[in-house]
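Here's the letter readout for the chains.
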Amino acid sequence: MEKMGVIALILFSVLLGVLAQLSLKQGMKNVGKFEIRDFASSKIFKLIEEKFVVIGVVLYAIATLFWLVSLSKVELSLAYPMLALGYVLIAIFSKIFFNENVTMTRFIGILLISIGVFLLLRS
């Protein structure tokens, strides 16, 4: 597979991971506060029954399959830093969907990550 095809696989895996995170966040908003001790209580059934949590876990599983295919074709030192694009997308979508506070400092960090991924792809 050519380099662009592998990059497309990696980007698809990253996108699925981002969608998984957004789904998990929505699910946990629906469930409410959850503590470590709740794993040993009946409250764990709220997680299992929450559709957005289930969707998030499934999306992560699918993303992992695409990631494994990618790793079989490209060096880890190229593939892994591309996961940082997920940070960029999460910040943007968190602002849009959850009205989270994306400060100027976070924005500058996102910009630096984007520049880093761009330089990586040129290597």
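The preceding data block contains the structure.
Residues numbered from 1 in each chain as written. Predicted model: local features only at pLDDT ≥ 70, side-chain atom pairs only at ≥ 80, totals over all residues. Heavy atoms only, no water.

Colleague: Residues and numbers for the nonpolar core, please.
Modeller: One finds Ile10, Val74, Ala79 and Met82 to be the most contacted residues of the largest nonpolar core, which totals 13 residues. Taken together, the elements giving at least two residues each to this core come down to helix H1 (3–31) and helix H4 (76–79). When residues of this core are assigned to their parent elements, the largest contribution, six residues, is made by H1. (Core = buried A, V, L, I, M, F, W, Y, C linked by side-chain atoms within 4.5 Å. Buried < 20%, exposed > 50% of the residue type's maximum accessible area, 1.4 Å probe, protein only. Helix = DSSP H or I, 4+ residues; strand = E, 2+ residues; numbered from the N terminus.)

Colleague: Describe the pattern of salt bridges, and please don't skip the residues or the numbers.
Modeller: Within the structure shown, the criterion is met by one salt bridge. Ionic pairing is found between Asp38 and Lys43, a salt bridge with its closest N-O pair at 3.7 Å. (Salt bridge = Lys/Arg side-chain N within 4 Å of Asp/Glu carboxyl O.)

Colleague: Before we move on, can you summarise the environment of Ser114 with the specific residues and values?
Modeller: Note that Ser114 resides in helix H6 (residues 104–122). A relative accessible area of 28% places Ser114 in the partly exposed class. Put simply, Ser114 and Met82 are 32 residues apart on the chain and 9.4 Å apart in space, counted from C-alpha to C-alpha.

Colleague: Could you give an account of the environment of Leu120, with specific residues and numbers?
Modeller: Within the element layout of this structure, Leu120 appears in helix H6. Classification of Leu120 as buried rests on a relative accessible area of 16%. The spatial distance from the C-alpha of Leu120 to the C-alpha of Met82 is 8.1 Å, given a sequence separation of 38 residues. Leu120 has contacts with Ser77, Leu78, Pro81 and Met82, leaving out every residue within four places of it along the chain. (Contact = heavy atoms within 4.5 Å.)

Colleague: Summarise the side chain of Ser70; cite the residues concerned and give the values.
Modeller: Tracing the chain through its elements places Ser70 in helix H3 (residues 51–71). If sequence neighbours within four positions are ignored, Ser70 has contacts with Val6, Leu9 and Ile10.

Colleague: Explain H6 to me, using residue names and the numbers behind them.
Modeller: Given a rise of 1.5 Å per residue, 19 residues ought to cover 27 Å, and the 27 Å separating the end C-alpha atoms of H6 matches this to within 8%. Taken together, the buried positions of H6 are occupied by Ile110, Val117 and Leu120. Taken down its axis, H6 places every buried residue within 80 degrees of arc, on the same side. Among the exposed residues of H6, those pointing more than 90 degrees away from its buried face are Met104, Thr105, Leu112, Phe118, Leu119 and Arg122. (Expected span 1.5 Å × (residues − 1). Arc of directions from axis to C-beta.)

Colleague: Just give me the short version of the packing of helix H5 (residues 85–98) against H6, but keep the residues and values in it.
Modeller: For the pair H5 and H6, interaxial distance at closest approach is 9 Å and the crossing angle is 145 degrees. The two elements H5 and H6 cross, and the hand of that crossing is left-handed. Residue-level contacts link Leu85, Tyr87, Val88 and Ala91 of H5 to Ile110, Ile113, Ser114 and Val117 of H6. A per-class count over the contact of H5 with H6 returns seven nonpolar, one polar and no charged. (Axes fitted to C-alpha atoms, helices over the stretch in contact; angles between N-to-C directions. Left-handed = near helix turned anticlockwise from the far one by under 90°. Nonpolar A, V, L, I, M, F, W, Y, C, P; charged D, E, K, R; others polar.)

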